[in-house]
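Below, each chain spelled out in residue letters.
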Amino acid sequence: MLASRRVVLQLAAASALFAALPVVTPALAVDAAQLVQNTAQQVIDIIKTKTGAARQAAILGVLQSSFDMAAMGRSALGTHWNQATEAERTRFLKAVATAEAKAYSERFGQYGGQTLTVGKVTPRANGVMIVDSRLNQTSGQPIKLEWEVRNDRITDVKVEGVSMVMTRRSDFNSYIQNNGGKVEPLVRELETRAAQ
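Everything quoted here is computed from the prediction, not taken from an experiment. (Residues numbered from 1 in each chain as written. Predicted model: local features only at pLDDT ≥ 70, side-chain atom pairs only at ≥ 80, totals over all residues. Heavy atoms only, no water.)

### Here we look at empty space enclosed by the protein
Thinking step 1. The final tally for this structure, using the stated rule, is two cavities of 30 Å³ or more.
Thinking step 2. Reported here for the largest cavity is a volume of approximately 140 Å³.
Thinking step 3. Along the wall of the largest cavity there are 13 residues; nearest its centre are Met-69, Met-72, Glu-100, Met-164 and Arg-168.
Thinking step 4. Where the lining of the largest cavity is concerned, the elements lending two or more residues are α4 (69-77), α6 (86-108) and α7 (164-177). (1 Å grid on protein atoms, 1.4 Å probe; cavity = no way out; pocket = protein on both sides within 12 Å on 5 of 7 lines; lining within 4 Å. Points joined across faces, edges and corners; volume = space filled by probe spheres on them. Helix = DSSP H or I, 4+ residues; strand = E, 2+ residues; numbered from the N terminus.)

### Topic: the pairing of strand β3 (residues 143-150)
In regular strands, side chains alternate between the two faces of the sheet.
Thinking step 1. Bridge analysis of strand β2 (residues 129-136) against β3 gives seven bridges, and the strand direction is antiparallel. Residue pairing in the sheet places Arg-134 in a bridge with Lys-144 of β3.
Thinking step 2. Linking β2 to β3, which pair antiparallel, is a turn of six residues; within it Gly-140 sits at a positive phi near 95 degrees.
Thinking step 3. The pairing of β3 with strand β4 (residues 153-159) spans six bridges and is antiparallel. (Pairing = 2+ DSSP bridges.)

### A word on the layout of surface pockets
Thinking step 1. Approximately 860 Å³ is the volume attributed to the largest pocket.
Thinking step 2. Lining of the largest pocket is provided by 29 residues; of these, Tyr-104, Phe-108, Leu-135, Leu-145 and Val-159 occupy positions nearest its centre.
Thinking step 3. When contributions to the lining of the largest pocket are tallied by element, the ones reaching two or more residues are α2 (26-49), α3 (52-66), α6, β3, β4, β5 (162-163) and α7.
Thinking step 4. Among the elements that make up the lining of the largest pocket, the one with the highest residue count is α2 (five residues).
Thinking step 5. In terms of residue class, the lining of the largest pocket is made up of 20 nonpolar, seven polar and two charged.
Thinking step 6. Taken as a whole, the second largest pocket encloses approximately 250 Å³ of empty space.
Thinking step 7. Together, 15 residues line the second largest pocket, and Ala-99, Glu-100, Arg-168, Leu-190 and Arg-193 are the ones closest to its centre.
Thinking step 8. Counting residues per element, the lining of the second largest pocket draws most heavily on α6, at six residues. (Nonpolar A, V, L, I, M, F, W, Y, C, P; charged D, E, K, R; others polar.)

### Overview of the pairing of β2
Thinking step 1. As defined by bridge partners, strand β1 (residues 115-123) adjoins β2 across seven bridges and the pair is classed as antiparallel. Bridge assignment links Leu-116 to a residue of β2, and that residue is Leu-135.
Thinking step 2. Between the antiparallel neighbours β1 and β2 lie five residues, among them Gly-127 with a positive phi of about 90 degrees.

### Comments concerning unusual backbone geometry
Thinking step 1. Non-glycine residue Asp-152 carries a positive phi angle of around 65 degrees.
Thinking step 2. Relative to the helices and strands, Asp-152 resides in the loop between β3 and β4.
Thinking step 3. Located in the positive-phi region is Glu-160, a residue other than glycine, with phi close to 50 degrees.
Thinking step 4. We classify Glu-160 as partly exposed; its relative accessible area is 48%. (Buried < 20%, exposed > 50% of the residue type's maximum accessible area, 1.4 Å probe, protein only.)

### Quick word on the pattern of salt bridges
Thinking step 1. Counted according to the given criterion, the structure contains eight salt bridges.
Thinking step 2. Glu-86 serves as the salt-bridge partner of Arg-89, at 3.5 Å between the closest nitrogen and oxygen. Highlighted residues: Arg-89 and Glu-86, both in helix α6, separated by three residues, approximately one helical turn.
Thinking step 3. Its relative accessible area of 55% is what places Glu-86 among the exposed residues.
Thinking step 4. Between Lys-102 and Glu-106 there is a salt bridge, and its shortest N-O distance comes to 3.2 Å. Of this pair, Lys-102 and Glu-106 both sit in helix α6, four residues apart, which is roughly one turn of that helix. (Salt bridge = Lys/Arg side-chain N within 4 Å of Asp/Glu carboxyl O.)

### Considerations on α4
Thinking step 1. Buried within α4 are the following residues: Met-69, Met-72, Gly-73, Ala-76 and Leu-77. Summarising the axial view, the buried residues of α4 lie within an arc of 125 degrees, below the 170-degree limit, and thus occupy one face.
Thinking step 2. Elements that come into contact with the buried residues of α4 comprise α3, α5 (80-83), α6, β4, α7 and α8 (184-195).
Thinking step 3. Just downstream of α4 lies Gly-78, where phi reads positive at about 60 degrees. (Arc of directions from axis to C-beta. Contact = heavy atoms within 4.5 Å.)

Written as structure tokens, this is what we have:
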């Protein structure tokens, strides 16, 4: 009797655990993979067809439409987000998006025949979908990219295992620490970079 009661309790506990996990339908995995594929294709098309300010504006458009720049910015600012004023947060998010678009626009240079191959999609318990992919280059080894997707927006990209958001957090934290521990100098620096 005690053994059967224990089995019933274990089954109930297992049922509760599975009920707490998000239901991931194949459609969600397809949507996450399609978002990554579409975003990559948009960027490749921009690199092939645009230069200068037009390229930067188009990349900014992709960042704003496909990426959760607000969540990425908050995460990148880390604990400093809470000490920033509302005005600093707004200026920071605008400046970081524009500075990123400018940096990527310059970094991409000319299109060199790169293609993106999307692989498996792995759901996580926190509602995040991880989309594995490889950036295939005409010369050299493919580059492993891992995209984090939540609520139909990209929230991070890991390049060969290195998180873009965590790299920015390290850079931003260092800059803030070297400039009196305040967010304002970082915001001004990002605004300057974006305006150049």
